[in-house]
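The lines below spell out each chain.
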Amino acid sequence: MTVDTGRSQAPSTAAEDERDTAPPRKGGGWRALAVQPTLVVLGVVAFLVWRSTTTLSETEARQLGWTVLANSVREHLYLTFAAAVIVLAIAVPLGIALTRARLRRFTPAVIGVANVGQAAPAIGLFVLLATWLGFGFRTTVIALVLYAALPVLRNTMVGIQGVDNRLVEAGRGMGMSAFAVLMRVELPLAVPVMLAGVRTALVLLVGTATLATFISGGGLGVLINTGITLSLNSLLIGGAVLVALLALAVDWLGRVVEHVARPKGL
Amino acid sequence: MSETTVSQQSGPIGEGVTARQVSGVSIRLAGVTKRYPGQPAPAVDAVDLEIPAGETVMFVGPSGCGKTTLLKMLNRLIEPSGGKIFLGDEDVTGQDPDQLRRRIGYVIQAGGLFPHMTVAANIGLVPRMLKWDKERVTARIEELLELVGLDPAVYRDRYPRELSGGQQQRVGVARALAADPPVLLMDEPFGAVDPITRQRLQDELLRIQEELGKTIVFVTHDFDEAVKLGDKIVVFDVGARVVQYDTPEAILADPADEYVADFVGAGAALKQLSLTRVHDVQLRPVTTASVGDATAEVVARARAAGDDYVVVLDRRGRPISWPSLPELERVPAVPGTVDEKLPVVGHGSTLNDALDTMLAASQGGAVVIGRRDSLAGVVVIETIMEAIQRTRQGASE
């Protein structure tokens, strides 16, 4: 008998039929996440420098005054987050419900309605709702919710549907209740996709909230609108830059949350 | 085509079965039926079946014959349309399915591990659902990882993604055994791994079953697997009609009809090789050495015994390599290197497996391990040739 041995030196256990896979990469995601806030900070600094050094006309100064400016930003953020909270409160449970076997048949109808909300031109949606419900903050938030619900709803559903059905069956087969499988298997595994939907919705909201000005909802849209109507480029560009910076910042926050909340082991 | 080698039936296999300790309970099906709306024929048609406690019963049959449906009705993942299911003497047909399933281990292909939980969390799921206290769960996880041959210190905190297919499957088995259920359902568990790994996993399952004596119901489409693992085999036809329910030996020797004979396949003479276990044939004793022994002394011992190689064992008595004497003489002390190509078979393996292993390693023999991976001896190709010779003579008589 020929015996061939002693060529390999890998340590081995009883399970030597298998090679070890490489350990997971660590910290790689954080470096990519550092670029965006740097750009945002640079943008903010540039804006502040411009604002402090440039000489403004009286009309411009009224809109770009520090207090007014801070108020506009605050209003804008308030609109965005109020709408986002309501979107989450409605779209996530609805998305979960629509993936349950008993309610699955309503899925096409609900997705259809959500699609209309998003497909309708945002400005049309705002104005139509305003003629119906009156101008102001409340109507603005409702319009924003209608507009941003779809990505969250759809990603919640896609995320849950994307969970390998065999895992759900394995969970049930072990004696986990349907609710336990949802909470401990389906939702954790759907989190990355769901959060991507939330981030998309937030960015949409920051942009769309500029339209609030047309129905007296406030926000940074006021700056832009005034800038256009009065041909004051400083207002127009100032408002646009601030909205862009806000959107970038919000997007970055979303990415950070996604990075932190992504379940380990995926 | 008939086989007459029934003589092998009364071998040490039979003794092994009776000597085994039993922790399982029997399963009885009475008229179990599954109808799907809109389908003319029932998927499972009034099946009566009795599965004895502590035995491994294999469900085989073509795809779509209803064997998986029948299995899933045992833990009520599929709700039967009619009939009764008993665990032991207890009618479980009306019991709360979640409670029932915690008493029935369930293993699926690729283990079905939850990717966002560590190995330990996966295994500990059912015990925690049963409100075991923390220390008991931890201890159980350690015990089970040891049982399936994974070092707890290494694997406990890993995520499934960091395991190979075979390791995932082992963890899947450990998870199913976590709450020590009397019954284990396995749904084509080894379907997705390569042949060598599958053979090892089968050997492991045989070893575990020898230790535990659960009642195992195992669905497979691979008849060789059924012959190797099963105490009994159920051959199903469409509608989960039981065509034959018998020991592998009896089915091979005397297929109930054309259908079974077809399913068993033409190579039945060689399939008899799958019936003979490595522990049934003469193993060669072998000179062993521990890592770090002086080679001069080891070589002298081997020469005295007439061996031209030795098997090196690690600290836990597991074989890690088998250097030839000339190879050994080149170094002063026995090296601790692990030969990954070392052909190893479990003592519950079939001669078929042993032959496969030797061919895969291009070697004329294989090291045989018994309980807890300790060395049992060496099986050589000549022994297997003799066994083939014997079955062929038996077949032609």
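Reading the values: rules and limits
- Think of each chain on its own: its residues are numbered from 1, step by step along the sequence as written.
- Lettering for chains starts from A, numbering for ligands starts from 1, and both go in the order in which the items are written.
- This being a predicted model, a pLDDT of at least 70 is required before a residue's local features are given, and a value of 80 or more before pairs of side-chain atoms are given or counted; all residues contribute to the totals for chains, interfaces and linings.
- Two strands are said to pair when DSSP picks up at least two bridges between them.
- Put simply, DSSP marks the helices as runs of H or I at least four residues long and the strands as runs of E at least two long, and each gets a number from the N terminus on.
- Helix axes are fitted only over the stretch in contact, all axes being lines through C-alpha atoms; the angle between N-to-C directions runs from 0 to 180 degrees.
- By definition, residue pairs are in contact when their C-beta atoms, positioned from the backbone, come within 7 Å.
- Marked domain ranges trace back to an automatic or database domain assignment.
- Note on residue classes: Ala, Val, Leu, Ile, Met, Phe, Trp, Tyr, Cys and Pro are nonpolar, Asp, Glu, Lys and Arg are charged, and everything else, Gly too, is polar.
- Burial in this document is a count-based property: other C-beta atoms within 10 Å of a residue's C-beta are tallied, and the residue is buried at 20 or more, exposed at 12 or fewer, or partly exposed in between, with C-beta positions derived from the backbone.
- Whether a crossover is right-handed comes down to one check: with the strands pointing away from the viewer, does the path from the first strand over the helix to the second run clockwise; if it does, it is right-handed.
- For this analysis, nonpolar core means a set of buried Ala, Val, Leu, Ile, Met, Phe, Trp, Tyr and Cys residues linked through C-beta atoms within 7 Å.
- Expected span of a helix, by definition, is 1.5 Å for each gap between consecutive residues, and there is one gap fewer than residues.
- Comment: arc refers to directions from the helix axis out to C-beta atoms.
- Should an angle fall under 35 degrees it is taken as roughly parallel, and over 145 as roughly antiparallel, whereas 65 to 115 is taken as roughly perpendicular and any remaining angle as oblique.
- Working rule for handedness: look at the near helix, and if it is turned counterclockwise from the far one by less than a right angle, call the crossing left-handed; if clockwise, right-handed.

**Concerning the sheet that holds strand β14 (residues 344-346) of chain B**
Residue and element names in this part refer to chain B.
Then, in step 1: One open sheet accounts for three strands, arranged β14-β15-β16; its pairing is mixed. Because the sheet does not close on itself, it has two edges, and the strands there are β14 and β16 (375-380). Across this sheet, the average inter-strand angle for adjacent strands is 35 degrees, counted without regard to direction.
Then, in step 2: Pairing between β14 and strand β15 (residues 365-369): three bridges, direction parallel. From the neighbouring strand, Val345 faces β15, where its bridge partner is Val368.
Then, in step 3: In the packing of helix α15 (residues 351-361) onto the sheet, the strands contacted are β14, β15 and β16, and the crossing angle to β15 comes to about 125 degrees.

**A closer look at the domain arrangement of chain B**
All names here are of chain B.
Then, in step 1: Each domain of chain B was delimited in the assignment, giving domain 1 (6-13 + 21-266) and domain 2 (279-392).
Then, in step 2: Averaged C-alpha coordinates put domain 1 and domain 2 at centres separated by 32 Å.
Then, in step 3: The interface of domain 1 with domain 2 comprises 10 residues on the first partner and 11 residues on the second.
Then, in step 4: The leading source of residues in the side of domain 1 that touches domain 2 is helix α8 (residues 195-212), at six residues.
Then, in step 5: Among the residues forming the side of domain 1 that touches domain 2, the class breakdown is four nonpolar, two polar and four charged.

**Thoughts on the pairing of β15(B)**
Residues and elements named next belong to chain B.
Then, in step 1: Burial runs high along β15: five of the five residues are buried.
Then, in step 2: Here β15 shows no split at all, with Gly365, Val367 and Ile369 on one side and Ala366 and Val368 on the other all buried.
Then, in step 3: In terms of handedness, the path from β14 via α15 over to β15 forms a crossover that is right-handed.
Then, in step 4: Pairing of β15 with β16 involves five bridges; the strand directions are antiparallel. Within β16, the position partnered with Ile369 by the bridge is Leu375.
Then, in step 5: Taking the residues between adjacent antiparallel strands as the criterion, β15 and β16 are bridged by five residues, where Arg372 takes a positive phi near 50 degrees.

**Re the sheet that holds strand β13 (residues 319-321) of chain B**
Residues and elements named next belong to chain B.
Then, in step 1: Reading across from one edge, β11-β12-β13 is the order of the three strands in this open sheet, with mixed pairing throughout. Each having just a single partner strand, β11 (288-290) and β13 make up the two edges of the open sheet. Taken over all neighbouring pairs, the strand axes of this sheet differ in orientation by 45 degrees on average, direction set aside.
Then, in step 2: Bridge analysis of β11 against strand β12 (residues 311-313) gives three bridges, and the strand direction is parallel. Bridging across to β12, Ala289 finds its partner in Val312.

**A closer look at the nonpolar core**
Then, in step 1: With 131 residues, the main nonpolar core has Leu144(A), Ala148(A), Ala149(A), Leu205(A) and Phe59(B) as its most contacted residues.
Then, in step 2: Each residue touching Leu144(A), except ones within four places of it in the same chain, is listed here: Leu79(A), Ala83(A), Leu205(A), Thr208(A) and Ala209(A).
Then, in step 3: Membership of the second largest hydrophobic core comes to 30 residues, among which are Val286(B), Val298(B), Ala376(B) and Val378(B).

**Re helix α5 (residues 122-133) of chain A**
Residues and elements named next belong to chain A.
Then, in step 1: With 12 residues, α5 should reach 16 Å at 1.5 Å per residue; the first-to-last C-alpha distance of 16 Å fits that figure.
Then, in step 2: All of the buried residues along α5 are Ala122, Leu125 and Phe126. Seen from one end, α5 has its buried residues packed into an arc of 100 degrees, which puts them on one side. Residues of α5 that are exposed and point over 90 degrees away from its buried face: Gly124, Thr131 and Trp132.

**Thoughts on the packing of helix α6 (residues 137-161) of chain A against helix α8 (residues 178-208) of chain A**
Residue and element names in this part refer to chain A.
Then, in step 1: At a minimum axis separation of 7 Å, α6 and α8 run at an interaxial angle of 160 degrees. By the angle between their directions, the pair α6 and α8 is classed as roughly antiparallel. Note on packing geometry: the crossing formed by α6 with α8 is right-handed. Mapping the contact onto sequence places Leu144, Tyr147, Ala148, Pro151, Val152, Arg154, Asn155, Thr156, Val158, Gly159 and Ile160 in α6 and Glu186, Ala190, Val193, Met194, Ala196, Gly197, Val198, Thr200, Ala201, Leu204, Leu205 and Thr208 in α8.
Then, in step 2: When grouped by side-chain class, the residues that make up the contact of α6 with α8 number 15 nonpolar, six polar and two charged.

**Regarding the packing of helix α4 (residues 119-129) of chain B against helix α5 (residues 134-147) of chain B**
Residue and element names in this part refer to chain B.
Then, in step 1: Viewed as axis vectors pointing N to C, α4 and α5 meet at an angle of 125 degrees, and their least axial separation amounts to 9 Å. With respect to their mutual orientation, α4 and α5 come out oblique. In terms of crossing hand, the pair formed by α4 and α5 is right-handed. Residues Ala120, Ile123, Gly124, Pro127 and Arg128 of α4 lie in contact with α5, whose contacting residues are Val137, Arg140, Ile141 and Leu144.
Then, in step 2: Of the residues that constitute the contact of α4 with α5, the class distribution is six nonpolar, one polar and two charged.

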